[in-house]
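# Coordinates in review
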Amino acid sequence: MHVINNYIVLVSAIKEMRFVTFNYDGLDRVVECATLGYTTAGMPAVRGYQTAGDTHSGTVPCWRLFRIDKIQGLVLTEEHFYSEPPFYKKSDPAFSRIDAEL
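Structure report, in brief. Sequence order sets the numbering: in each chain, residues are counted from 1 along the sequence as written. For this predicted model, a pLDDT threshold of at least 70 governs which residues receive local features, and a threshold of 80 or more governs which side-chain atom pairs are given and counted, while totals over whole chains, interfaces and linings are taken from all residues. Hydrogen atoms and water are omitted, and side-chain values are computed over all heavy atoms in the structure.

Note on conventions: DSSP H or I runs of at least 4 residues are helices, E runs of at least 2 residues are strands, and numbering of each starts at the N terminus. Note that Val20 resides in strand E1 (residues 18-24). Here the term buried applies to any residue with accessible area under 20% of the maximum for its type, exposed to any over 50%, and partly exposed to those in between, with areas from a 1.4 Å probe on protein chains only. For Val20, a relative accessible area of 0% corresponds to the buried category. Sequence separation between Val20 and Val30 is 10 residues; the distance between their C-alpha atoms is 5.9 Å. Whether two residues are in contact is decided by their heavy atoms: any pair within 4.5 Å suffices. Residues within four places of Val20 in sequence aside, it is in contact with Leu10, Ala13, Arg29, Val30, Val31, Cys33, Leu74, Val75, Leu76 and Thr77.

This is how it looks when you write it as structure tokens:
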């Protein structure tokens, strides 16, 4: 049920161009979601542009692929972004199935 609820929230985030916050790998993140679907490995995932928060690599902003089953405490914020993130590309090749994209 956790994955399904996260999936629904992430579809809204993409359609409404709203930031999300969540914890991933023990770190809090702020993300602009761009592509949602199933990876070529069959995992539900979201490609997002992390604009704030922590990372293990220490690099922000940056593009990341997040497995939906590892996202905890997902919140759809009231804050919108108004253009595609830098270097955004439609039809992300990491996905075999895309259910939502900018």
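Another point: the pattern of salt bridges. Should a side-chain nitrogen of Lys or Arg be within 4 Å of a carboxyl oxygen of Asp or Glu, the pair is scored as a salt bridge. Scanning all chains against the criterion turns up 6 salt bridges. A salt bridge links Glu78 to Arg18; its shortest N-O distance comes to 3.5 Å. In this pair, Glu78 sits in strand E5 (residues 71-80) while Arg18 sits in strand E1, placing the two residues 60 residues apart along the sequence. The exposure class of Arg18 is buried, given its relative accessible area of 11%.

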